[in-house]
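Survey of secondary and tertiary structure
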There are 2 protein chains.
Amino acid sequence: MEIVSAREYVINNLQYAFNPKSIAIVGASRYYTKVGYKVIEALNTWGYRGKIYPVNPRATKVFGLMAYPTVKDIPNEIDLVFIATPAHIVKSVLEDCVAKGVKIVVIATSAFKEIGRGDLQDKLTQYCRDNQLPLIGPNLIGLGSPYLNFNCGFIPYLPVKGAVAMISQSGANLLASLGASQKDRFGISFFVGLGNKADVDFCEFIEYANRDAHTKCISLYIEGIDCPEAFIKTCQNATKPIVAIKAGGSAIGKKAAFAHTASENLQTSNEYYDALFKEAKVIRVATWQEFLDVSLGLGMMPPLKSSSIVMITNGGGSGLLSCDHFERCGLPMRELQDISAELAQRVKAYMPMFGSSLNPVDISGTATPTQYKGAFTQALRDPRVDGVLGSICPTAVTKVEEIIDIVIDLHKTYKHLNKPFIMECQGGEECQRAIYKLRENGIPAYGTPEQAVNAMIALYKYYNIKR
Amino acid sequence: MEIVSAREYVINNLQYAFNPKSIAIVGASRYYTKVGYKVIEALNTWGYRGKIYPVNPRATKVFGLMAYPTVKDIPNEIDLVFIATPAHIVKSVLEDCVAKGVKIVVIATSAFKEIGRGDLQDKLTQYCRDNQLPLIGPNLIGLGSPYLNFNCGFIPYLPVKGAVAMISQSGANLLASLGASQKDRFGISFFVGLGNKADVDFCEFIEYANRDAHTKCISLYIEGIDCPEAFIKTCQNATKPIVAIKAGGSAIGKKAAFAHTASENLQTSNEYYDALFKEAKVIRVATWQEFLDVSLGLGMMPPLKSSSIVMITNGGGSGLLSCDHFERCGLPMRELQDISAELAQRVKAYMPMFGSSLNPVDISGTATPTQYKGAFTQALRDPRVDGVLGSICPTAVTKVEEIIDIVIDLHKTYKHLNKPFIMECQGGEECQRAIYKLRENGIPAYGTPEQAVNAMIALYKYYNIKR
């Protein structure tokens, strides 16, 4: 249901969604294959430190914890109620929550507006609004934060700690980002699935993320924006970069998006969303991989001031794919000679005679850690250079680990110069490990040239947005 | 140097490059950090079974093997000579090779045309042509095949066995594909870096790959095509799909491509290459990830006959990203009702009430292996369906391993129906393992929706090329 601006009572109470001292799980189940069991299991597995109250009128114990017939029967205060009961019971649970003075509710249950029960969903939403009880959902998968060991939902992973707030209407795609966190060290500050977002809206999560100390990039997977005015206003006022991927724009996707999260796209178009994101100062991306890559970069690096980017690589091929992609994305690289003639001379000290001091700078397949160090140092220190893209293409003589350690050291040393430093490592398992280590040390690192370039481009877009 | 068509003596002798009974390494080194040592080490490490003859006038033994002052001093027949000496010595080595009756030479040495020594390179090439001694290179990284445990060059990985012939002008990008093979189970039939390709040309490797029993897809990383006529003729006559990524098209990339592999792009444009690939019936891709993904798909699956594709997923979000991307790529998905009304009814048996039988078919986050099996079986067996895209988005209740085993079984059962079956598994480490297992069993599997769609689109393009 539409709102015209982010509501302060909602934003305030979101702290109880992400850091609750006590949680009641309504629909808690004794059967380990059920959602109502998995939620409690996950809270325990990942180390939630607050109190958990299972609610189940037909059980006295669930997961070894005392169960209560209703929320009202719980003898202590409840911050968050997580509802996983059939849809027709939800209304009475909400009444109990209001009576109990609960701070916020999450409705995981499906089968509301997305299957034609818009009236029921609206009635529940209005009830919550009348009682200033923020409602997240319905039809969602869960939420949590690695900083609090908090994993609340039917979610098989807790992500690694990082700077990206992941706010997703789709449960599956939220899980994809959490899975990427596990397998690719994609750091996340907090995460939430919004589902049908009947009450609490994108704008309120965005504002919460904007105030959150761990968040440096706000990332949105969107199927439909119901409150464009509130969305634009909130995004415009945010002090952090915002990235969005909008799905459900194709002819067949519009129907599927409604069936999925009751998102209404029939009156909109891709161009509508392009204009909306532009006005909101949100960086739009097209594919899921780009969404993750750009988010990671924006979460770790400062904005890029100009196209004065130097790429340093030991592989001419990675250099070519990169400079082609820069041009394809509308930000062609410049020749090193034109950026800094001095630097073009200096880097020659760190390459063999068949290397190249054009841009990309090719220090060649035999490049040693010392040569990498020299070339990177010169580029980072040169005041005419605004961004550095490093690439490692391991040959049989490349010492990947030593080079990575140098990169981490240099990043610490020259961080104060405030220029983006992005790495690309294209190879096998040693490169995968290198990417992990770089990411753990705050350096965006990727497995293909185009991914690294996409991150650099986004940092340039963000510079122009801020300006 | 230009040729007008693929030369039969060259194609014939390429068997000695990929399956030599004996190799001489000229420039073999006693020092384990040198290229001339690494080559011999790699041959041994990966299990080469032929004879190795180090050539070094200042050593009697290298890597425990007897060394010879020159190629002519070796008492036995030599199939392949791998040259890693400084550029000015190469001519005399070639003379020895001709005198010795060597079948083929590979010149790894750099510092020829790419640094302005075009005359020297041309002279060597003419000498080899006059003597019908095919020359691969110069300025390259190596070549090999996992089917023969053959890794010849300064290459840190031997790829896993598969159907893609990887023919790359760039050493770094060749290594990237071999690294992807190691870390992502990207299967390769044989691989070669071409470098400056002074003599042996793309067309000759393409024709060799076309005749190679293990190869089902021919993949080309190109910086410049010197012999367009021969290239087009050979590709047109090939009976296998050919994928190409062309780098060095950007303004700055044209210079870099010359500095890298002496590729001449100043007179060409992206449009020129678009037209060339179209005439040659080659599928062109833009990014490195797409290059790998599309190659894998074409190597494993038959062509896709029409847009009658059914997607089956347990995650609405993956479905939306997929159908949006199909439309973006010019092949919009059709509603299931319009493809097969019968199937639209039948799949309802395998989903809860809040699932969706539109296309993508959303069997919902609670989907069991049995539901997956039922929905896949119905889609694969329906004669009105030409392609099936499956997606797994693991929630806490998803049994990924069981579903994967079902997919592998179904693929075996219905392979004779000759329709592409592609999988997408978006999640954490369990999905990574699932992708490995699927790939090892001949099913193209990917980590994001757009990658899977790109593969499906390429199979449709190939259908139209064949027609």
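All of these numbers come straight from a predicted model, not from anything done at the bench.

1. Remarks on the interface of chain A and chain B
With 75 residues of chain A in contact, the opposing surface of chain B contributes 75 residues. For the pairing of chain A and chain B, the buried interface totals around 5,600 Å² over both sides, and the portion due to carbon and sulfur atoms is 65%. The interface formed by chain A and chain B contains 2 salt bridges. Secondary structure elements with two or more residues in the side of chain A that touches chain B: α5 (171-184), β13 (242-246), α8 (251-261), α10 (288-300), α11 (316-328) and α16 (429-440) of chain A. At 10 residues, α11(A) tops the list of elements feeding residues into the side of chain A that touches chain B. The residue inventory of the side of chain A that touches chain B, partitioned by class, reads 33 nonpolar, 26 polar and 16 charged.

2. Here's the deal with the relation of the copies chain A and chain B
You can overlay chain A on chain B at an RMSD of 0.0 Å; the transform is a turn of 180° with a shift of 0.0 Å along its axis. Taken together, the rotation and translation describe the operation of a two-fold axis. The rotation axis passes nearest to the C-alpha of A:Gln289 in chain A, at a distance of 5.1 Å. Residue by residue, 100% of the interface of chain A is reproduced at the interface of chain B, so both copies engage with the same surface.

3. Digging into the sheet that holds β13(A)
Within a sheet, neighbouring strands are paired by backbone hydrogen bonds and run either parallel or antiparallel to one another. Residue and element names in this part refer to chain A. On the basis of which strands lie adjacent, the open sheet formed by 7 strands has the order β9-β8-β11-β10-β12-β13-β14 and mixed pairing. If you trace the sheet from one side to the other, it starts and ends with β9 (150-153) and β14 (283-285), each paired once. Taken pair by pair, the neighbouring strands of this sheet meet at an average axis angle of 20°, ignoring direction. Where strand β10 (residues 161-168) and strand β11 (residues 188-193) come together, 6 bridges link them in parallel fashion. Bridging from a neighbouring strand, isoleucine 167 pairs with valine 192 of β11. In this fold helix α6 (residues 202-211) packs onto β10, β11, β12 (217-222) and β13, with an angle of close to 165° to the strand it touches most, β12.

4. Considerations on the nonpolar core
Grouped together as the largest cluster of nonpolar side chains are 283 residues, with contacts concentrated most on A:Ile136, A:Phe231, B:Ile136 and B:Phe231. Beyond its immediate chain neighbours, meaning those up to four positions away, B:Phe231 contacts B:Phe202, B:Cys203, B:Ile206, B:Leu220, B:Ile222, B:Ile225, B:Leu276, B:Phe277, B:Ala280 and B:Val282.

5. Considering helix α9 (residues 270-280) of chain B
All names here are of chain B. Listed in full, the buried residues belonging to α9 are Tyr273, Leu276, Phe277 and Ala280. Angularly, the buried residues of α9 cover 95° about the axis, an arc narrow enough to put them on a single face. Along α9, the residues that are exposed and aim more than 90 degrees away from the buried face are Glu271 and Lys278. In the segment just after α9, lysine 281 is the residue with positive phi, at about 65°.

6. Details of the packing of aromatic side chains
Scanning the entire structure with this criterion turns up 28 aromatic pairs over all chains. Ring geometry for A:Trp288 and A:Phe291: centres 5.1 Å apart, planes at 45°, overall tilted. Taken as a pair, A:Trp288 and A:Phe291 lie in helix α10 at a separation of 3 residues, close to a single helical turn. A:Phe291 matches A:Trp288 in its accessibility class, with the two residues each being buried. An aromatic cluster of at least three residues, connected via ring pairs, comprises A:Phe18, A:Phe190, A:Phe205 and A:Tyr208. The ring centre of A:Tyr273 lies 4.6 Å from the NZ or CZ of A:Lys246, which sits over that ring. For the cation-ring pair, B:Arg185 lies above B:Tyr436, with the distance from its terminal atom to the ring centre recorded as 3.9 Å.

7. Let's talk about the sheet that holds strand β18 (residues 421-425) of chain B
All names here are of chain B. Pairing is parallel across the open sheet formed by 5 strands, whose spatial order is β16-β15-β17-β18-β19. Both edges of this open sheet fall to β16 (361-362) and β19 (445-446), since each of them pairs with a single strand only. Sheet topology note: the strand β15 (residues 309-313)/strand β17 (residues 387-392) ladder contains 5 bridges and is parallel. Bridge pairing links isoleucine 312 to glycine 390 in β17.

8. A word on the pattern of salt bridges
One side chain can pair with another of opposite charge once the charged atoms of both are near each other. Residue and element names in this part refer to chain B. A complete count under the given rule lists 40 salt bridges over all chains for this structure. The residue aspartate 96 makes a salt bridge to lysine 72 at a minimum N-O spacing of 3.9 Å. A residue pair is termed long-range when its members are at least 10 positions apart, and aspartate 96 in helix α3 (residues 90-100) and lysine 72 in the loop between β4 (65-66) and β5 (80-83) qualify at 24 residues. Its relative accessible area of 16% is what places aspartate 96 among the buried residues. Notably, a salt bridge pairs lysine 183 with aspartate 184, separated by 3.4 Å at the nearest N-O pair. Exposure remark for lysine 183: the relative accessible area of 15% places this residue in the buried category. Among the residues examined, aspartate 184 registers a relative accessible area of 23% and is labelled partly exposed.

Each value, and the rule that gives it
- Residues numbered from 1 in each chain as written.
- Chains lettered and ligands numbered in written order.
- Predicted model: local features only at pLDDT ≥ 70, side-chain atom pairs only at ≥ 80, totals over all residues.
- Heavy atoms only, no water.
- Contact = heavy atoms within 4.5 Å.
- Buried area = accessible area lost by both parts, 1.4 Å probe.
- Salt bridge = Lys/Arg side-chain N within 4 Å of Asp/Glu carboxyl O.
- Helix = DSSP H or I, 4+ residues; strand = E, 2+ residues; numbered from the N terminus.
- Nonpolar A, V, L, I, M, F, W, Y, C, P; charged D, E, K, R; others polar.
- Least-squares fit on C-alpha atoms with pLDDT ≥ 70 in both.
- Pairing = 2+ DSSP bridges.
- Axes fitted to C-alpha atoms, helices over the stretch in contact; angles between N-to-C directions.
- Core = buried A, V, L, I, M, F, W, Y, C linked by side-chain atoms within 4.5 Å.
- Buried < 20%, exposed > 50% of the residue type's maximum accessible area, 1.4 Å probe, protein only.
- Arc of directions from axis to C-beta.
- Phe/Tyr/Trp six-rings, centres within 6.5 Å; stacked < 30°, edge-to-face > 60°.
- Lys NZ or Arg CZ within 6 Å of the ring centre and 35° of its normal.

Take it as geometry only, folks, not as evidence of what the structure does.
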